[in-house]
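# Fold and geometry: a report
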Amino acid sequence: MDSQGPPASTIKSKAGSPQPVASRCIHQDCLSHVGWPQDCQPSCSSRSSCSESTSFLPSRVTGMVLKAFFPTCCTSADSGLLVGRWVPEQSSAVVLAVVHFPFIPIQVKELLAQVQQASRVSLAVLGTWCHRQQESEESLGHFLEGLGAIFSHEPWLQLCRERGSKFWSCKATHQQRPGTPGVSSEDHVMLIFYDQRKVLLSHLHSPTVLPDCQAGDATASAEGLAAIFDTVSRSEVLFCKNQFDEGPVRLSHWQSEGVEASILVELAKQASGPVCLLVACLLSLVSASGSCRLWKLWPLPFIASKLSTCEQLRHRLEHLTLVFSTQKAQSPAQLMRKANMLVSMLLDVALGLTLLSWLHSSNRIGQLANALIPMADHVAEELQHLLQWLMGAPAGLKMNRALDQVLGRFFLYHIHLWISYIHLMSPFIERILWHVGLSACLGLTVALSILSDILALLTFHIYCFYVYGARPKHSPYSAHVCRLYCLKICGLSSLWRLFRGKKWNVLRQRVDSCSYDLDQLFIGTLLFTILVFLLPTTALYYLVFTLLRLLVVTVQGLIHLLVDLINSLPLYSLGLRLCRPYRLAAGVKFHVLEHEAGRPLRLLMQINPLPYSSVVHTYRLPSSGCHPKHSWGSLCRKLFFGELIYPWKQRGDKQD
């Protein structure tokens, strides 16, 4: 249940005011004039509004200004003692609860000692709270003032909500002011209302440094605001006591009417321990079987490193091991990461089951198997027509006929082998597709990874054509005949350096000067001429099959992007930001509730939620793949020099 906000009488201004003060907001720079740290995000739309907001603040402060954070759920509570924490660094008092009459002082001190031992928060009685709208005795105020002698605290707060009025009175007295012994003094109090439930459940993130703020100021502001949130979150044990407890002390806080709980949540908590233990044992067995020596025999490790399905299964196994770990999360960030992983896996399995039900309805697997063979034959026929076109005079270009015929027949033979391979596998295609569809119960990402591997196998001939025209970078087979295009490019660049009196120094990895004799220059000229005239034929074949390879790479890249999106998107955090935006706090903003001469300034603290972009950036899960960060210039350079390109590469693998 959400805690109640301030009553309407505290939000609206007094009749006759020039404008409703509930719509006014205070900028962080304006609050700094009255001693407030700059730890809140601005709620004004621009800096120009600060000049309007400062007119509502005191023009001159004669004493120190104290901030009293008061929970909105206690605005209608009975009179009693204010229990909370005093933060001397910020001159702030964080009120956590109100202790009601009747009580015994020693019992109140024992309760605070128990809560302090459990929460590690130094709690104390900060002052008194008087709600005169519910009290008929006027002598109650004198009685509350006398409690300062029993519960000594410097300063001693006195908050009072007046009878039949919309105004509040706030005082902070010092019995002994340094430098003036024996003389009591009084400070100004700024009353700030906050929603105790939202502050307790929220997780404050480090605020972004504004362009016009110094880094040191931002750090100090973050520490000041974090102290307020940390006090409320660590005092959760205090909020477990409600009015139905048979304890000697009666409290008012956001759970005074009963502890907020859910039967389903409690049952899930009780069942999570045995379930996590059972799943952890099963995962340990799977990991032990996966580390068997049988799987390390060649070429199984090599094949597993190249298949996207194995990478995705390994990635999901790591997620399952972390989610069902018996170790408790040590921080809210770890808890959020576990929740994001769990929701991501549940969504993945749900989408996979949806795909499975769609494939097995109306015999769609048989329809796909029957359409696959004609589609492969059509692709092979189009490739044959393309090669026959290249073996003639493509676009009116005059090619080297001998080299053109050799390359064309070589690639036609590969297409013939590929067609034979497809027809050989045709009786098993339907059963293969059936098992692929059945694997969707492990998740949509597993089915997509299998689809990517099948696409790589079906287009293996296009990959071979592309490799024949290009070459892997730093490949050990650099002297093989498959270098073709790259061999000509490298040869032309070396011979061009020969004409300029340069050479490539392999040991120093640089170009050095070199003197050549006449025979070397003559042979270099002959080789340069041969390579120049053979380059257009090879470049045309390389261009055609590179475009085909780029088409396949684009499809595989889109599949892997979808898999990484499901793996890394923080769905739980985004859902929390959408439904409970206060749970992910980026800062706070303050709205003026009341400000008149002779009255304390009353503000309402509201939580600024974290932007969606920051949520994704902060809680994004690590993905199984690592996308190459190539610019367009780098990609064009690789295509020009004939280096192999990939849509992705796995972490820890060298790009071949």
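This text goes with the structure placed above it.
Described below are features of the structure shown in this document. (Residues numbered from 1 in each chain as written. Predicted model: local features only at pLDDT ≥ 70, side-chain atom pairs only at ≥ 80, totals over all residues. Heavy atoms only, no water.)

Counted according to the given criterion, the structure contains 4 salt bridges. One salt bridge connects Arg 314 with Glu 311, and the closest N-O pair in it is separated by 3.0 Å. Of this pair, Arg 314 and Glu 311 both sit in helix H10 (residues 308-323), 3 residues apart, which is roughly one turn of that helix. One salt bridge in this structure joins Asp 512 and Arg 510, with 2.9 Å as the shortest N-O distance. Judged by relative accessible area, Asp 512 falls into the buried class, the value being 17%. Residue Arg 510 is classed as partly exposed on the basis of its relative accessible area of 41%. (Salt bridge = Lys/Arg side-chain N within 4 Å of Asp/Glu carboxyl O. Helix = DSSP H or I, 4+ residues; strand = E, 2+ residues; numbered from the N terminus. Buried < 20%, exposed > 50% of the residue type's maximum accessible area, 1.4 Å probe, protein only.)

Moving on to the packing of H10 against helix H17 (residues 518-568). In a packed pair of helices, the relevant descriptors are the angle between the two axes and the axis-to-axis distance. Following both chains from N to C, one finds H10 and H17 inclined at 5°, their axes separated by 12 Å at the closest point. Taken together, the axis directions place H10 and H17 in an arrangement best described as roughly parallel. Here Ser 308, Gln 312, His 315, Arg 316 and His 319 of H10 lie close against H17, whose contacting residues are His 560, Val 563, Ile 566 and Asn 567. Residues of the contact of H10 with H17, tallied by class, amount to 2 nonpolar, 6 polar and 1 charged. (Axes fitted to C-alpha atoms, helices over the stretch in contact; angles between N-to-C directions. Parallel < 35°, antiparallel > 145°, perpendicular 65-115°, else oblique. Contact = heavy atoms within 4.5 Å. Nonpolar A, V, L, I, M, F, W, Y, C, P; charged D, E, K, R; others polar.)

What follows concerns the environment of Ala 456. Along the polypeptide, Ala 456 turns up in helix H14 (residues 444-458). The partly exposed category is assigned to Ala 456, whose relative accessible area is 32%. Here the alpha-carbon distance between Ala 456 and Leu 307, two residues 149 residues apart in the chain, equals 9.5 Å.

This part is about helix H11 (residues 332-359). The end-to-end C-alpha separation of H11 is 40 Å, in line with the 40 Å expected for 28 residues at 1.5 Å each. Looking at H11, one finds that the buried residues are Met 336, Lys 338, Ala 339, Asn 340, Met 341, Ser 344, Met 345, Asp 348, Gly 352, Leu 356 and Leu 359. (Expected span 1.5 Å × (residues − 1).)

Here we take up the pairing of strand E2 (residues 65-71). For E2, a buried count of 7 out of 7 residues is recorded, marking the element as mostly surrounded by other parts of the structure. Burial along E2 is two-sided: the residues Val 65, Lys 67, Phe 69 and Pro 71 and Leu 66, Ala 68 and Phe 70 are all buried. In the sheet, E2 pairs with strand E4 (residues 92-100) via 3 bridges, with the strands oriented parallel. When the bridges of E4 are listed, Ala 68 appears paired with Ala 93. (Pairing = 2+ DSSP bridges.)

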